Each structure stands twice: as structure tokens, then as C-alpha cells.
Amino acid sequence: MTSWGKAKYESAIPNEGPRAVSLSETNDPVFKCFPPGVPRIYLVRVGQPLEIMQIPGRVIMFFEYDHFVRQIFTDGRQHPRT
């Protein structure tokens, strides 16, 4: 694990597993209404359908989980600045 990854892991306050805390104490982004990221979205509701569609310039992923849509642009554009 890189030092960055280890720091991220250690800063997590999970609500499941051996280091679990109550929901009011967790810093899990899902409990703050943020969508689960990859790979977690594949794990939160195992068996939920998803569709992957590839078209020129992008890959689109449709998740049954809360009807999330993820677009991955493959046309060389830059990531949006936040």
C-alpha cells in the first residue's frame, strides 16, 4: 500500500467490520448522500443489473442502483476542473 493509500485507509471511520462505529460517527461518504464510487458500486447491491454501452468517444455505464449513470469520455478531452 502506498503512503497515500495507507493514510486514506487509516482516516476512514467505517460503520462495518472490526473498526466499526455507529452511523452517527462514520465518515462514510455514502451516509452523507454521496454516490458510491468504483468498485464499491459493484458491491453495495450485488446482483443489481448494470449495462455498459460503448459508443464513439465514450463509454456509458447504467446502474440499476439508484439509477446512476457514469460517462467515461474516451475522446481525449481533459477532466473537468473542480
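That block above? That's the structure.
In this text the structure is predicted, and so the values were computed from the model without any measurement.

A. Expanded view of the overall build of the protein chain. Within the protein chain, the regular secondary structure consists of 2 helices and 3 strands. Listing every helix and strand of the protein chain by position from the N terminus yields α-α-β-β-β. For 82 residues, the compact-globule estimate of 2.2 N^0.38 gives 12 Å, and the protein chain exceeds it by more than 25% at 16 Å. Along the longest, intermediate and shortest principal axes, the C-alpha atoms of the protein chain span 45 × 30 × 25 Å.

B. Geometry of the pattern of salt bridges. Applying the stated criterion across every chain yields a total of 2 salt bridges. In this structure, Asp-75 engages Arg-77 in a salt bridge whose closest nitrogen and oxygen atoms are separated by 2.9 Å.

C. How the structure looks around the packing of aromatic side chains. Tallying each qualifying case throughout the model produces 0 aromatic pairs. When the ring centre of Tyr-9 is taken as reference, the NZ or CZ atom of Arg-19 above it lies at 4.8 Å. Over the aromatic face of Phe-73 sits the side chain of Arg-77, whose NZ or CZ is 3.8 Å from the ring centroid.

D. Spatial organisation of the pairing of strand S1 (residues 50-55). Summarising the sheet, S1 and strand S2 (residues 58-63) pair through 6 bridges and their orientation is antiparallel. Considered in S2, the bridge of Leu-50 is made with Phe-63.

E. A look at a nonpolar patch on the surface. Together, Val-38, Tyr-42, Leu-43, Leu-50 and Ile-52 make up an exposed nonpolar region whose accessible area comes to about 480 Å². Residue assignment for the nonpolar patch shows that the elements contributing at least two residues are helix H2 (40-44) and S1. Take Ile-52: its relative accessible area is 55%, and that puts it in the exposed class.

F. Representation of unusual backbone geometry in the model. Despite not being glycine, Cys-33 has its phi angle at roughly 70 degrees, a positive value. Along the chain, the position of Cys-33 falls in the loop between helix H1 (3-11) and H2. Cys-33 gets classed as exposed once you look at its relative accessible area, which sits at 75%. With a phi close to 60 degrees, His-67 is a non-glycine residue in the positive phi region. You can see His-67 is positioned in the loop between S2 and strand S3 (69-73). Overall, His-67 belongs to the exposed group, its relative accessible area being 63%.

Cut-offs applied
Think of each chain on its own: its residues are numbered from 1, step by step along the sequence as written. Two thresholds apply to this predicted model, a pLDDT of at least 70 for residue-level local features and 80 or more for giving and counting side-chain atom pairs, whereas whole-chain, interface and lining totals are computed over all residues. Side-chain measures were taken over the full set of non-hydrogen atoms in the model, leaving aside hydrogen atoms and water. Numbering of helices and strands runs from the N terminus; a helix is a DSSP stretch of H or I covering at least four residues, while a strand is a stretch of E covering at least two. Here the globule rule reads 2.2 Å times residues to the power 0.38, and the radius of gyration is calculated from C-alpha atoms. For this analysis, a salt bridge means a side-chain nitrogen from Lys or Arg found within 4 Å of a carboxyl oxygen belonging to Asp or Glu. In summary, the pairing rule links any two rings of Phe, Tyr or Trp, Trp by its six-membered ring, whose centres are within 6.5 Å, and it sorts them by plane angle into stacked for under 30 degrees, edge-to-face for over 60 and tilted for everything else. Each ring is checked for a lysine NZ or an arginine CZ that lies within 6 Å of its centre and within 35 degrees of its normal; such an atom marks a charge sitting over the ring. In this analysis, strands are considered paired if DSSP registers two or more bridges between them. Like-charged residues are merged into a patch within 9 Å and nonpolar side chains (Val, Leu, Ile, Met, Phe, Trp, Tyr) within 5 Å, provided each residue has over 30% relative accessible area and no salt bridge. Using a 1.4 Å probe, accessible areas were evaluated by the Shrake-Rupley method; residue-level cover was limited to the displayed protein chains. Think of it in three bands: residues with accessible area under 20% of the maximum for their type are buried, residues over 50% are exposed, and the middle band is partly exposed, with areas taken using a 1.4 Å probe on protein chains only.

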